[in-house]
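Structure at a glance
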Amino acid sequence: MASVKENHDRLNERLLTSGLRATPQREHVYSVLLSKRDHPTAEELFIRVKREMPDISMATVYNCLDALVKCGLARQVTLDRGAARFCPNMREHYHFYCDSCDSVFDVDLPGENGFGLPKGFVADRVDLTIHGRCPACANHG
């Protein structure tokens, strides 16, 4: 896991190369997003961010998330018709969505060429969600 300083440096570098400036709000939103990697919605993140930054507005949190997505430090994950969630894991991966408890988990991709794309096709990004029940929910039903 990267240190706070490494995360801070990565954020500043990515914002600068994207033509955006670092702000205390962006730094705090990114820090909170990294602290609990549970794919929060913007509203859930707003509640967490507000604990240490009580004056922040929902609009500012949305703007911060937009900046993080634009500079490649977070991805927006849309699962069915639910609210968009945000994920700081920028490695290629897919998601497992628990239909019982609404939790979202990162799942690593299978090995090289795991998707068996036809010859000549090049994947730049994968958006795949598996639906089911997480271990905690599967054991209760």
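Shown above is the structure to which this text applies.
Residues numbered from 1 in each chain as written. Predicted model: local features only at pLDDT ≥ 70, side-chain atom pairs only at ≥ 80, totals over all residues. Heavy atoms only, no water.

Section: the sheet that holds strand 3 (residues 93–98)
Backbone-to-backbone hydrogen bonds join strands into a sheet, with any given pair of strands oriented parallel or antiparallel. Using the following cut-off: A strand pair is defined by DSSP finding two or more bridges across the two strands. In DSSP terms, a helix is any run of H or I states spanning at least four residues, a strand is any run of E spanning at least two, and both are numbered starting from the N terminus. Between the N-to-C directions of two axes lies an angle of 0 to 180 degrees, each axis being a line fitted to C-alpha atoms and, for a helix, fitted only over the stretch in contact.
Overall, mixed pairing links the three strands, which are arranged 4-3-5 in an open sheet. With partners counted over all chains shown, the strands left at the sheet margins are strand 4 (104–108) and strand 5 (129–132), one partner each. On average, each strand axis in the sheet is tilted by 30° relative to the strand beside it, whichever way the strands run. Two elements, strand 3 and strand 5, share four bridges in a ladder whose sense is parallel. Of the residues in strand 5, the one forming a bridge with Cys 98 is Gly 132.

Thoughts on the pattern of salt bridges
Pairing is possible between side chains of opposite charge, provided their charged atoms come close. Heads up, the rule is: Here a salt bridge means any side-chain nitrogen of Lys or Arg lying within 4 Å of a carboxyl oxygen belonging to Asp or Glu. Throughout this description, buried means an accessible area under 20% of the type-specific maximum (1.4 Å probe, protein chains only), exposed means over 50%, and partly exposed covers the range between.
On inspection of all chains with the given rule, the structure shows five salt bridges. Taking the shortest distance from any N to any O, the salt bridge between Lys 70 and Asp 66 comes out at 3.2 Å. Taken together, the residues span about one helical turn, with Lys 70 and Asp 66 both in helix 4 (residues 58–70) at a distance of four residues. What makes Lys 70 exposed here is its relative accessible area of 59%. Look at Asp 66 and you get partly exposed, because its relative accessible area is 39%. Measuring nitrogen to oxygen at the nearest pair gives 2.5 Å for the salt bridge that ties Asp 108 to Arg 91. Linking Asp 108 in strand 4 with Arg 91 in the loop between strand 2 (85–87) and strand 3, this pair joins segments that are 17 residues apart in sequence. Through salt bridges with shared partners, a single ionic network connects Lys 36, Asp 38 and Arg 48.

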